[in-house]
Every structure is written in C-alpha cells, then in structure tokens.
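# Examining the three-dimensional arrangement
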Amino acid sequence: MVLTVAQAQAAAVDGFRLWREDGNTRLVLDLSGPVEHRLFELKNPYRVVIDIDNAYRAGAASLPSLSKSPIRSIRTAKRNQAGLRVVLDMNSEVMPRSFSLRSNAGKPDRLVIDLLDEAAPTVKTAEILNTSSNSQRDIIVVVDAGHGGEDPGSIGPKNLYEKDVVLAISRELARRINAEPGFKAVLSRQGDYFVPLVTRRDFAREQRADLFVSIHADAFHKPHARGASVFALSFSGASSETARFLAAKENQADLLGGMTDVVLGDKSPDVQSVLVDLFMKATVQSSLDVGGYVLKSMGRIAALHKDRVEQAGFVVLKSPDVPSILVETGFISNPGEAKRLATAAFRKKMAGQIFTGIKNYFYDTPPVGTYVAWRKQGGDRDYVIATGDTLSEIAKKHNISVSAIRAYNGLKSDKIRVGQRLRIPAS
C-alpha cells in the first residue's frame, strides 16, 4: 500500500476488535499512534458516530463479526481529507461512551468504544428483612476488581492472571455484602473488560458510595515478598518502597489522573481549594480507619506485609468525598501465595474477612440515616435461642413483654426451641 503524504503523518487504524460482556458491547480500534476523537449519536435511523482526527483505516484492518451484538454494520469513510469517520449502524439504542488508551506494556494506542445496553438488567440486592426498616438507607460499597480485559494485571505461576483472581474475590465480596441487611454492593466491573482508573473512581461518586474498595493481587520484583496489604491515599508520597512501586505500577494502567472537583457552587477558586483540601483530609482519615479494620480482619487468615495501613498516590483512590482503600490480597509473584489465591476456598475466605472488617467498621461508626445506625440506636434485632432460654427470660433481658415478642414473631405459645431465631422489636 502506497501512503499519501497526509497518511504518512496520520495514525493508522490497524485493527477492529469487538466482544460482548454483561450488557456491554466493546469495540476496540488498534492504532499506530495517539488520536483525538469525538463521539455522537444520530437519530432516524439510530447510529453512533466516531470522528477521528488525522487518521486513516489501514488496508489490512478488517471489520469484526457483529454476531450477537446490537451493531448491524460498521462503515468507515474519509473525513475532511485528514480524518476518519466510523459509523455504527445500530439495531437498538445504546448508551455510548469512549476513551483512549496510550501505548503501554507492549500494547498499541487504542480507542475504546463501549455501547451499554439501555435495557440491561440491574442486579437486585438483598432486601432488608424487616419492613419497618425500609425508611433507612443501605450503606453502599463499590467493589472494584482491578485490571480486566486487555489489562491482565500481574501474572503469577501457571499463567494465574491477577484480573481473574480479583474478579472472583470481588464477586464473592459483593455477594457477602448484599446478603447482609443494611448493606448494598455495586461492582465497578462485572466481567472481563477494562475500566479506566478515573472511571472507576468517579463511578463510586456517582453511586454515592459510603466506601470504595479496590481489590488487587499484585507482584513485586522480589519473589519472596509476601503478605496482604491495605492502602489509602497519601498526599505526601508513598509510605514505603513497596507502596511506591505498586502505586507507580497501577497508575500506568492509563494516563488519566487528577481529582474530580467537588461541586462547590459559586465559591471562589481559593475557597474551593481550601474546602477540597479539607474534604480530602477527612476522607483520607476515614479511609485509614476502615483500612485498619480490614487489615486486622485479613490478618486472621493471611500473613500481613505490613502491620499498618500504608499510603500511596493511587489514582483510583483520589476521590475527595468517598473513603477509598486498595486491598492487596497477596503477592501473586510469590509461589506460595499464588497457590492459595488460585483456589476458590481461599478466595471465599479472603472475601469473607474483607467483609468482616468493613462490617465491623460501619457498625462502630455507622453513617447517619442508615439502617445500621438505626439498629445501633435500638432498632429491631435478631436473637438465636440457646440452651436453657425461656421466652420470659428473653423478654426481661430485652426490656419487652412476652406478648410483644409472641405477636411480633407470630408465635401461638411460649414454646421455643434451641437454634430458633427470633426478631426482637425495638423497645
């Protein structure tokens, strides 16, 4: 192929790749260099259009199969002599978004187009069992499985991919959270696809999360490095050599960064700066606090790399108003820890301990207006019958009448059995 002068100075679209995952269609354009682009929608008929500046389609860049996707066809054409227009003719409307990835770790520059199904089902979380608690909101935890898709993360022995390990742990953690009354988990990614770091962080803010937990299983250049860790954001730099190394490694996943501004109305830039600084300091302190609970809980089943919450400049933790922690479940570069991380049993144990730490933290410091805060203030509670218990003794212990317990639990008599669970109404 003979290139024109304009093409020689432009970026080539060398390939198109497409796949479906959990209500999302991802189209990736492999590029020979960085590009600027714009994405917009057209109606009647519905199309998604991507205009790429200073780019052209290489002759070998064949189009992918569109089977089982909402895309009916893909068309490309020159635009303004120096650009490329990509038109996606759609079978149904979608929610499109796009982002660029710079060349990194042997991968080329890429333009990623996500087409989210508008009718994608939402995951229904566990209902709070007691209907009288419906006025109290759930504590929302965004669980972030690190890496994904084209970014495998670290790779351990026997091709154990970090992205697979942490997705399994994250799914189990979300399941544990959703099974607990008063808590709700939302996954930042539910399958094997890549989400930019800033998108993950901003997603937590969009969800109005009470906590953001990013799950990882990283590697170190020394294979004997071992132990689980918890990280919070640092303003003044990393707190150890390992923290510096891991933060730099994670931040290479994409080149986006910076902190999303808190909405501060019409305040002057100087006032905004001071307020954001105060927000961040309070958020980091909360992150350190919850991180301490999680670290202590993980220490019951795993060795700890450090006995304190470490701090580093992870981009994914830079939320001004959502407490955020990054959990390293172990070093996938350590043969012994990799062997454990490869098992479903250990992943479930790790998820369980992370959840225990989160739950204990929120029961000690519940956000105002939550179901957990209501429970701590004397709301309904569970009681499991033990050997020797009688209904009258239980009523006396909880300062409530026997008839109230019977009525609340639909009991026809005072007869109870060991192991039976009763709901004790607020006195």
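To start, this report covers the structure provided alongside it. A quick note: this is a predicted structure, and the numbers were derived from the prediction, not measured.

### Considering the overall build of the chain
Regarding its fold elements, the chain presents ten helices and 19 strands. Counting over 427 residues, the chain shows a buried share of 49%. For the chain, the accessible surface area stands at approximately 20,700 Å², while carbon and sulfur atoms represent 51% of it.

### Some details on the sheet that holds strand β2 (residues 24-31)
Taken in spatial order, the five strands line up as β5-β1-β2-β9-β8 in an open sheet, and their pairing is mixed. Because the sheet does not close on itself, it has two edges, and the strands there are β5 (55-57) and β8 (94-101). Averaged over all pairs of adjacent strands, the angle between their axes in this sheet comes to 30 degrees, without regard to strand direction. Pairing geometry for strand β1 (residues 11-21) and β5, over three bridges, is parallel. Each bridged residue has a counterpart across the sheet, and for A12 the counterpart in β5 is Y56.

### Section: the environment of L160
Turning to its location among the elements, L160 is positioned in strand β12 (residues 160-161). Classification of L160 by relative accessible area gives buried; the value is 12%. As a C-alpha pair, L160 and A338 span 178 residues in sequence and 7.6 Å in three-dimensional space. Apart from residues no more than four positions distant in its own chain, L160 is found in contact with S154, I155, V165, I332, A338, A342 and R347.

### Structural notes on helix α7 (residues 344-364)
In this model α7 runs 30 Å from its N-terminal to its C-terminal C-alpha over 21 residues, within 8% of the 30 Å that 1.5 Å per residue would give. What α7 keeps buried is the set F346, R347, M350, A351, G352, Q353, I354, F355, G357, I358, Y361 and F362.

### A look at the sheet that holds strand β16 (residues 310-312)
Taken together, the six strands give an open sheet; going across it, the order is β13-β10-β14-β17-β15-β16, and neighbouring strands pair in mixed fashion. Looking along the sheet, the strands with just one partner apiece sit at the ends: β13 (183-187) and β16. On average, each strand axis in the sheet is tilted by 30 degrees relative to the strand beside it, whichever way the strands run. One ladder, built from five bridges, connects strand β14 (residues 211-216) with strand β17 (residues 324-328); its direction is parallel.

### Observations regarding the packing of helix α2 (residues 162-178) against α7
Contact geometry for α2 and α7: axes closest at 8 Å, N-to-C directions at 50 degrees. Comparing the axis directions of α2 and α7 gives the class oblique. As for how α2 packs across α7, the hand of that crossing is right-handed. Only R347, K348, M350, A351, G352, I354 and F355 of α7 make contact with α2, whose side of the interface consists of V165, A168, I169, E172, L173, R176 and I177.

### Focus: the nonpolar core
Counting 43 residues, the largest nonpolar core has I215, M298, V327 and I354 as its most contacted members. The element that contributes the greatest number of residues to this core is α7, accounting for eight residues. Discounting chain neighbours no more than four positions away, the residues touching M298 are A228, S229, V230, L304, V327, M350, Q353 and I354. One finds L18, L29, V94 and I113 within the second-largest nonpolar core, a separate group that totals 25 residues.

### Some remarks on the pairing of strand β10 (residues 139-145)
Of all seven residues in β10, seven are buried, a share of seventy percent or more. Residues I139, V141, V143 and A145 point to one face of β10 and I140, V142 and D144 to the other, with burial holding for every one of them. Note that β10 and β13 share five bridges and pair parallel. Each bridged residue has a counterpart across the sheet, and for V143 the counterpart in β13 is L187.

### Let's talk about helix α3 (residues 197-206)
All of the buried residues along α3 are L197, V198, R200, R201 and A204. With its buried residues spanning 160 degrees around the axis, α3 presents them on a single face. Downstream of α3 by one or two residues, R208 has phi in the positive range, about 55 degrees.

### A closer look at the side chain of S333
Position of S333 among the secondary structure elements: in the loop between β17 and α6 (335-341). Note on S333: relative accessible area 18%, which makes it buried. In this structure the side chain of S333 is engaged in a polar contact, spanning 3.1 Å, whose partner is the backbone nitrogen of F220.

### With respect to the pattern of salt bridges
According to the stated counting rule, one finds 21 salt bridges in the structure shown. Here K163 and D192 are joined by a salt bridge, their closest N and O atoms 3.1 Å apart. Of the two residues, K163 is situated in helix α2 and D192 in the loop between β13 and α3; the sequence distance between them amounts to 29 residues. Note that R175 and E172 form a salt bridge whose closest N and O atoms lie 2.8 Å from each other. Taken as a pair, R175 and E172 lie in helix α2 at a separation of three residues, close to a single helical turn. One salt-bridge network, held together by shared partners, links R17, D30, R110 and E150.

Definitions and limits used
Residues numbered from 1 in each chain as written. Predicted model: local features only at pLDDT ≥ 70, side-chain atom pairs only at ≥ 80, totals over all residues. Heavy atoms only, no water. Helix = DSSP H or I, 4+ residues; strand = E, 2+ residues; numbered from the N terminus. Buried < 20%, exposed > 50% of the residue type's maximum accessible area, 1.4 Å probe, protein only. Areas by Shrake-Rupley, 256 points an atom, 1.4 Å probe, with all protein chains shown as cover. Pairing = 2+ DSSP bridges. Axes fitted to C-alpha atoms, helices over the stretch in contact; angles between N-to-C directions. Contact = heavy atoms within 4.5 Å. Expected span 1.5 Å × (residues − 1). Parallel < 35°, antiparallel > 145°, perpendicular 65-115°, else oblique. Left-handed = near helix turned anticlockwise from the far one by under 90°. Core = buried A, V, L, I, M, F, W, Y, C linked by side-chain atoms within 4.5 Å. Arc of directions from axis to C-beta. Polar contact = N/O pair within 3.5 Å; in protein donor to acceptor, adjacent residues only side chain to side chain. Salt bridge = Lys/Arg side-chain N within 4 Å of Asp/Glu carboxyl O.

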